[in-house]
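Here is how the chains run, residue by residue.
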Amino acid sequence: NSTYSENASVGGTLAVTGAITGKANVVTITTATYAVTAAQSGTTFIFSRAAGIVVTLPELTAAASGEQYSFIVGTTFTGAGQINTGATADLYSGFAIMSDPATAGDTNTFIPDQSNDDTIDLGAIEQGWLSGGLITLTAQSATRWHCAAYLLGDATLATPFE
């Protein structure tokens, strides 16, 4: 067994026999704004500021394909929660499945139209700002973020895509 306390880089292919142990990075966001970096790919972010949080993703490039970020609504919002793309030409595809935990069977699926949806807006209870939601974003191309969201809302459920 060897332990290394320095960063390592491997050129070429890395083959591993046995297990690789570790855990994903987790960042708890408690500030009003937060800018995600490409170096944080694989990170889970927890929204922990009820008054609202506006997150900005890195601008997409061809090299960004495969970057992935997860967001957990850790605290029910009382102010707007948003995830904005890094450029207005970067748009969302995918889906958001939203459920109303207070009303059995009240579930709806929302799909961005991919013409101008560059914001995921959890700005109201109807848009999924209740604690417990999960949003996973994956860079699928130089202009598209794929969204897989499972959100919790109340009243007349409404799209979070804007």
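These figures come from a predicted structure and were not determined experimentally. (Residues numbered from 1 in each chain as written. Predicted model: local features only at pLDDT ≥ 70, side-chain atom pairs only at ≥ 80, totals over all residues. Heavy atoms only, no water.)

Trainee: Pulling in residues and values, what's your account of the overall build of the chain?
Mentor: The helix and strand inventory of the chain stands at zero helices and 11 strands. Beginning at the N terminus, the succession of helices and strands in the chain can be written as β-β-β-β-β-β-β-β-β-β-β. Oriented by its inertia axes, the alpha-carbon framework of the chain measures out at about 55 × 35 × 30 Å. The buried share among the 162 residues of the chain stands at 39%. (Helix = DSSP H or I, 4+ residues; strand = E, 2+ residues; numbered from the N terminus. Buried < 20%, exposed > 50% of the residue type's maximum accessible area, 1.4 Å probe, protein only.)

Trainee: So what about the sheet that holds strand 7 (residues 91-99)? Which residues, and what values?
Mentor: Here seven strands make up an open sheet; going across it, the order is 1-3-5-10-11-7-8 and the pairing mixed. Each having just a single partner strand, strand 1 (26-29) and strand 8 (107-110) make up the two edges of the open sheet. Strand after strand, the sheet turns through a mean of 15° between neighbouring axes, direction not considered. Note: strand 7 against strand 8, four bridges, orientation antiparallel. Note that in strand 8 the partner of Met-98 across the bridge is Asn-108. (Pairing = 2+ DSSP bridges. Axes fitted to C-alpha atoms, helices over the stretch in contact; angles between N-to-C directions.)

Trainee: Run through the pairing of strand 10 (residues 134-139), naming residues and quoting values.
Mentor: As a general feature of sheets, a regular strand has side chains that alternate between the two faces. Pairing geometry for strand 5 (residues 68-73) and strand 10, over five bridges, is antiparallel. Opposite Ser-70, over in strand 10, you have Thr-136 as the bridge partner. Across six bridges, strand 10 lies against strand 11 (residues 144-152) in antiparallel orientation. Within strand 11, the residue paired with Ile-135 across the bridge is Ala-149. With antiparallel pairing between neighbouring strands as the criterion, strand 10 and strand 11 make up a hairpin whose turn holds four residues.

Trainee: Help me get a handle on the pairing of strand 7, residues and values and all.
Mentor: Sheet topology places strand 7 next to strand 11; nine bridges connect them, and they run parallel. What sits directly across from Ala-96, in strand 11, is Ala-149.

Trainee: Which residues make up the environment of Leu-152, and what values do they have?
Mentor: Position of Leu-152 relative to the elements: it lies in strand 11. Linking Leu-152 and Asn-108, residues 44 residues apart in sequence, is a C-alpha distance of 10 Å. Other than its neighbours up to four places away in sequence, Leu-152 contacts Met-98, Ser-99, Pro-101, Gly-128, Trp-129, Leu-130, Ser-131 and Gly-132. (Contact = heavy atoms within 4.5 Å.)

Trainee: Talk me through the sheet that holds strand 2 (residues 33-35); I want residue IDs and the actual numbers.
Mentor: Read across the open sheet, the four strands follow the order 2-4-6-9; overall the sheet is mixed. Looking at which strands have only one partner, the edges of the open sheet turn out to be strand 2 and strand 9 (119-122). Geometrically, the sheet is characterised by an average inter-axis angle of 10° between neighbouring strands, direction not taken into account. Pairing geometry for strand 2 and strand 4 (residues 53-56), over three bridges, is parallel. Residue pairing in the sheet places Ala-35 in a bridge with Thr-56 of strand 4.

These figures come from the coordinates and say nothing about function on their own.
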